[in-house]
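So the chains spell out like this:
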Amino acid sequence: GAGVSQTPSNKVTEKGKYVELRCDPISGHTALYWYRQSLGQGPEFLIYFQGTGAADDSGLPNDRFFAVRPEGSVSTLKIQRTERGDSAVYLCASSRPGTGGTDTQYFGPGTRLTVL
Amino acid sequence: AQKITQTQPGMFVQEKEAVTLDCTYDTSDQSYGLFWYKQPSSGEMIFLIYQGSYDEQNATEGRYSLNFQKARKSANLVISASQLGDSAMYFCAMILTDSSYKLIFGSGTRLLVRP
């Protein structure tokens, strides 16, 4: 079946602008995760959704970052007043229903965000 | 604090030989899971193998095996019969199964397979 998809694949924006990154999880996966990967580093957790609600948003760096998942499927990561330090690859992952602890997270191809 | 350490920034291996990528982890939790992911230059993270903290046998998936040494807190990935397509970044990650669902990643190891 189809994997996790993310759009756009690349986004270039100017400092101070607003951006939205979209993630479409694997069909039937109720858990959805956002990670951020800076150049030369491993991904870092941002936020986790179980269904429509954000179960853990402890990784969001500040209040400029916000994510929604209104119908429990597609999620949008929103970044306000972008800064050059926000430049990174934003990865989305999903996992199947269950306790979540050991369910494998399957990743999308990522969105490369560049803030000029 | 929970942490994953990958001490090899880069590794070379000759095609058809085996290679071991090191991973050590730090946690005081008793229930956790360890993952290895491959990230080719295309950027997508590809799941390779999983080991649970209570699993008594080392996990294997085709040419991939995980050398799990709980007392040493290590979870090394062994790739047998390396292929040119194995050239990529490899990330070790941990999940705490009783308290969180987030993956904690190491800094990765870049593997280059020589023909």
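Residues numbered from 1 in each chain as written. Chains lettered and ligands numbered in written order. Predicted model: local features only at pLDDT ≥ 70, side-chain atom pairs only at ≥ 80, totals over all residues. Heavy atoms only, no water.

(A) View of the pairing of strand S11 (residues 111-115) of chain A. Residues and elements named next belong to chain A. Only one face of S11 is buried: it carries Thr111, Leu113 and Val115, and the other face, with Arg112 and Thr114, is open. In the sheet, strand S2 (residues 10-13) pairs with S11 via four bridges, with the strands oriented parallel. Looking at the pairing, Val12 lines up with Thr114 of S11. In the sheet, strand S9 (residues 88-95) pairs with S11 via three bridges, with the strands oriented antiparallel. Paired with Ala88 across the bridge in S11 is Leu113. (Buried < 20%, exposed > 50% of the residue type's maximum accessible area, 1.4 Å probe, protein only. Helix = DSSP H or I, 4+ residues; strand = E, 2+ residues; numbered from the N terminus. Pairing = 2+ DSSP bridges.)

(B) Main features of unusual backbone geometry. Between Thr7(A) and Pro8(A) the backbone carries a cis peptide bond, its omega angle lying at -10 degrees. You can see Pro8(A) is positioned in the loop between strand S1 (5-7) and S2. Positive phi, normally seen in glycine, also occurs at Lys16(B), with a value near 80 degrees. Assignment of secondary structure puts Lys16(B) in the loop between strand S2 (10-14) and strand S3 (19-21). Located in the positive-phi region is Lys73(B), a residue other than glycine, with phi close to 55 degrees. In this structure, Lys73(B) sits in the loop between strand S8 (64-69) and strand S9 (74-79). Lys73(B) sits in the partly exposed class, given a relative accessible area of 29%.

(C) A look at the interface of chain B and chain A. Taken together, the 18 residues of chain B in the interface contact 23 residues of chain A. Of the roughly 1,600 Å² buried where chain B meets chain A, counting both sides, 60% is carbon and sulfur surface. Linking chain B with chain A are zero salt bridges. The interface formed by chain B and chain A contains four residue pairs in polar contact (both at pLDDT 80 or more). Of all the secondary-structure elements, those providing two or more residues to the side of chain B that touches chain A are strand S5 (32-39), strand S6 (46-52) and strand S10 (88-96) of chain B. Here the side of chain B that touches chain A gets three residues from one element, more than from any other, and that element is S5(B). Split by residue class, the side of chain B that touches chain A holds 10 nonpolar, six polar and two charged. (Contact = heavy atoms within 4.5 Å. Buried area = accessible area lost by both parts, 1.4 Å probe. Salt bridge = Lys/Arg side-chain N within 4 Å of Asp/Glu carboxyl O. Polar contact = N/O pair within 3.5 Å; in protein donor to acceptor, adjacent residues only side chain to side chain. Nonpolar A, V, L, I, M, F, W, Y, C, P; charged D, E, K, R; others polar.)

(D) Structural view of the sheet that holds strand S3 (residues 19-24) of chain A. All names here are of chain A. Spatially, S1-S3-S8-S7 is the arrangement adopted by the four strands of the open sheet, whose pairing is antiparallel. Each edge of the open sheet carries a strand with a single partner, namely S1 and strand S7 (65-68). The average undirected angle you get between the axes of adjacent strands in this sheet is 15 degrees. Here S3 runs beside strand S8 (residues 75-79); their pairing, made up of five bridges, is antiparallel. What sits directly across from Leu21, in S8, is Leu77. (Axes fitted to C-alpha atoms, helices over the stretch in contact; angles between N-to-C directions.)

(E) Spatial organisation of the pairing of S8(B). Residue and element names in this part refer to chain B. Burial along S8 is one-sided: Tyr64, Leu66 and Phe68 are buried, while Ser65, Asn67 and Gln69, pointing the other way, are not. The pairing of strand S7 (residues 60-61) with S8 spans two bridges and is antiparallel. Directly across from Glu61, in S8, lies its bridge partner Tyr64. Hairpin connection of S7 to S8: two residues between the antiparallel strands, including Gly62 at a positive phi of 60 degrees. In this structure, S8 lies alongside S9, joined through six bridges in antiparallel fashion. Bridge pairing in S9 places Ser65 opposite Val78. In this antiparallel pair of consecutive strands, S8 and S9, the connection spans four residues, and Lys73 shows a positive phi of 55 degrees.

(F) Local environment of the layout of surface pockets. There is about 490 Å³ of room inside the largest pocket. Lining the largest pocket are 24 residues, with Gln37(A), Leu39(A), Val89(A), Arg112(A) and Gln39(B) positioned closest to its centre. Elements with a contribution of two residues or more to the lining of the largest pocket: S9 and S11 of chain A together with S10 of chain B. Of the residues contributing to the lining of the largest pocket, the split by class is nine nonpolar, 13 polar and two charged. (1 Å grid on protein atoms, 1.4 Å probe; cavity = no way out; pocket = protein on both sides within 12 Å on 5 of 7 lines; lining within 4 Å. Points joined across faces, edges and corners; volume = space filled by probe spheres on them.)

(G) Structural detail: the state of the cysteines. Per the stated rule, a full pass over the model turns up two disulfides over all chains. Through a disulfide, Cys23(A) is tied to Cys92(A); the S-S separation comes to 1.8 Å. The disulfide joining Cys23(A) to Cys92(A) has a torsion of about -65 degrees about its S-S bond and is therefore left-handed. Placement of Cys23(A) in strand S3 and of Cys92(A) in strand S9 is noted, with a sequence separation of 69 residues between them. Judged by its relative accessible area of 0%, Cys23(A) is buried. When its relative accessible area of 0% is taken as the criterion, Cys92(A) is described as buried. With its sulfur 2.0 Å from that of its partner, Cys23(B) forms a disulfide with Cys92(B). Judged by the sign of its S-S torsion, about -60 degrees, the bond between Cys23(B) and Cys92(B) is left-handed. Within this pair, whereas Cys23(B) is found in the loop between S3 and strand S4 (24-26), its partner Cys92(B) is found in strand S10, the two being separated by 69 residues in sequence. Each of the two residues, Cys23(B) as well as Cys92(B), counts as buried. (Disulfide = S-S within 2.5 Å.)

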